[in-house]
Amino acid sequence: MTNKQTFSLKAPGANHVQLAGDFTDWQARPIAMAKLEHGLWQTSVQLPPGTYHYRFLVDGEWHDDPECTLRVGNPYGTENAVREVG
């Protein structure tokens with residue numbers, strides 16, 4: 001069973017935003033996000049129950065999810081956001 005998970009990021013100046021995480025093999029298969037109104041980028045993904053780590057790629061640069069309060073350190077000295085899917 002999978003659950004639809006929506007990911008959003010406000011990045012009004014961005015030209016290209018992607019979602020990358022352990023569920024996309026990070027940069028191997030990032031998911032392109034759609035630009036909506038007021039600089040909001042969004043995508044939805046079907047994920048089975050579990051714990052997932054992710055970040056956003058904004059014009060090729062890694063960015064945190066400012067809306068996510070659950071984070072864990074990664075080997076690169078930054079933090080991954082964590083999404084729990086029930």
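Above: the structure in question.
Here the structure is a predicted model, which means the values were calculated and not measured. Each chain carries its own residue numbering, running from 1 in the written order of its sequence. Per-residue local features are limited, in this predicted model, to residues with pLDDT of at least 70; the limit for side-chain atom pairs, both in listing and counting, is 80 or more; totals at the level of whole chains, interfaces and linings are taken over all residues. In computing side-chain properties, one takes all heavy atoms of the structure into account and sets aside hydrogens as well as water.

Some details on the layout of surface pockets
Gaps between atoms show up when a probe of the same size as a water molecule is rolled over them. Rules: With a 1 Å grid spanning the protein atoms alone, the term cavity applies to any set of points in which a 1.4 Å probe fits but cannot get out, the term pocket to an open set with protein on both sides within 12 Å along at least five of seven lines, and the term lining residue to any residue with an atom within 4 Å of a point. Grid points are joined across faces, edges and corners, and a volume is the space filled by probe spheres set on the points. Residue polarity is assigned by list, with Asp, Glu, Lys and Arg as charged and Ala, Val, Leu, Ile, Met, Phe, Trp, Tyr, Cys and Pro as nonpolar; anything else, Gly included, falls into the polar class.
Of the voids in this model, the largest pocket is the one considered here, and its volume is about 210 Å³. The wall of the largest pocket is formed by Trp26, Gln27, Arg55, Trp62, Asn74, Pro75, Tyr76, Thr78 and Asn80. Residues that form the lining of the largest pocket fall into these classes: four nonpolar, four polar and one charged.

Points about the packing of aromatic side chains
To keep it simple, the criterion reads: Only rings of Phe, Tyr and Trp enter the pairing, Trp through its six-membered ring, and a pair is recorded when the two centres are within 6.5 Å. The plane angle decides the type: under 30 degrees is stacked, over 60 is edge-to-face, the rest tilted. A helix here means a DSSP run of H or I that spans at least four residues, while a strand means a run of E at least two residues long, and both kinds are numbered starting from the N terminus. Throughout this description, buried means an accessible area under 20% of the type-specific maximum (1.4 Å probe, protein chains only), exposed means over 50%, and partly exposed covers the range between.
Taken as a whole and judged by the stated rule, the model has five aromatic pairs. Ring plane angle 25 degrees and centroid distance 5.9 Å describe the contact between phenylalanine 7 and phenylalanine 23, whose orientation is recorded as stacked. Taken together, the residues span a long stretch of sequence, with phenylalanine 7 in strand E1 (residues 3-10) and phenylalanine 23 in the loop between strand E2 (17-21) and strand E3 (31-32) at a distance of 16 residues. Assigned by exposure class, phenylalanine 7 and phenylalanine 23 land together as buried.

Looking at the pattern of salt bridges
How we decide: By salt bridge we mean one thing: a side-chain nitrogen of Lys or Arg within 4 Å of a carboxyl oxygen of Asp or Glu.
For the structure shown, the criterion picks out three salt bridges. Notably, a salt bridge pairs arginine 71 with aspartate 64, separated by 3.4 Å at the nearest N-O pair. Classification of arginine 71 by relative accessible area gives partly exposed; the value is 26%. Three or more residues joined by partner-sharing salt bridges are found here, namely Arg55, Asp64 and Arg71.

Honestly, that's just the spatial picture; any functional story needs more than this.
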